[in-house]
Amino acid sequence: MEGWGLKLLIKKAEQKGFKVEKLPSGAIIFSKRKAEIQFFAILDAYYVKYLADGRAYVIYKLDEEIIDAIFEERLDELESDDVIKIPSD
């Protein structure tokens, strides 16, 4: 079952022209030309990874500002305790 945050995330992705693909593992892939974003909901947190450059984040709360920042690839610019950049491959 999708919560409010995930429903809004998917709606915004579609509005911004991203293709939304839900995988059996529970991952959601957002793709648009060369931009691909991998998204997982894990318990009370969300994992976001930009596949092109490997940047990864853990997000503890989804709101419209954070969702817009995900698709505009500007999570680094947010000053929020709810968004944490993590090491990735």
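Being a predicted model, the structure only gives us computed values, none of them experimental. (Residues numbered from 1 in each chain as written. Predicted model: local features only at pLDDT ≥ 70, side-chain atom pairs only at ≥ 80, totals over all residues. Heavy atoms only, no water.)

Caption draft 1: Local environment of helix H2 (residues 64–71). Most of H2 sits inside the fold, with six of its eight residues counted as buried. Restricting attention to buried positions, one finds in H2 the residues Ile66, Ile67, Asp68, Ala69, Ile70 and Phe71. Structurally, the start of H2 carries an N-cap: the backbone nitrogen of Glu65 is 3.2 Å from a side-chain oxygen of Asp63. Phi turns positive one or two residues past the end of H2, at Glu73, with a value near 50°. (Buried < 20%, exposed > 50% of the residue type's maximum accessible area, 1.4 Å probe, protein only. Helix = DSSP H or I, 4+ residues; strand = E, 2+ residues; numbered from the N terminus. Polar contact = N/O pair within 3.5 Å; in protein donor to acceptor, adjacent residues only side chain to side chain.)

Caption draft 2: Quick peek at the nonpolar core. Core analysis: the largest hydrophobic core is formed by 24 residues, its most contacted members being Phe30, Phe39, Ile59, Ile70, Phe71 and Leu75. Breaking this core down by element, the ones donating at least two residues are helix H1 (4–15), strand E2 (28–32), strand E3 (35–42), strand E4 (45–50), strand E5 (56–59) and H2. When residues no more than four places from it in sequence are discounted, the contact partners of Phe71 are Leu9, Lys12, Ala13, Lys16, Phe18, Phe30 and Ile37. (Core = buried A, V, L, I, M, F, W, Y, C linked by side-chain atoms within 4.5 Å. Contact = heavy atoms within 4.5 Å.)

Caption draft 3: Here's a closer look at unusual backbone geometry. You will see that Glu73, though not glycine, has its phi angle at about 50°, which is positive. Along the chain, Glu73 falls in the loop between H2 and strand E6 (83–86). Take Glu73: its relative accessible area is 37%, and that puts it in the partly exposed class.

Caption draft 4: Fine view of the pairing of E4. Judged by how many residues are buried, E4 sits mostly within the fold: six of six residues are covered. The loop that links E4 with its antiparallel partner E5 comprises five residues; one of these, Gly54, has a positive phi angle of about 85°. (Pairing = 2+ DSSP bridges.)

Caption draft 5: Examining the environment of Ile10 more closely. Tracing the backbone shows Ile10 in helix H1. In this structure the C-alpha to C-alpha distance between Ile10 and Lys85, which are 75 residues apart in sequence, comes to 22 Å.

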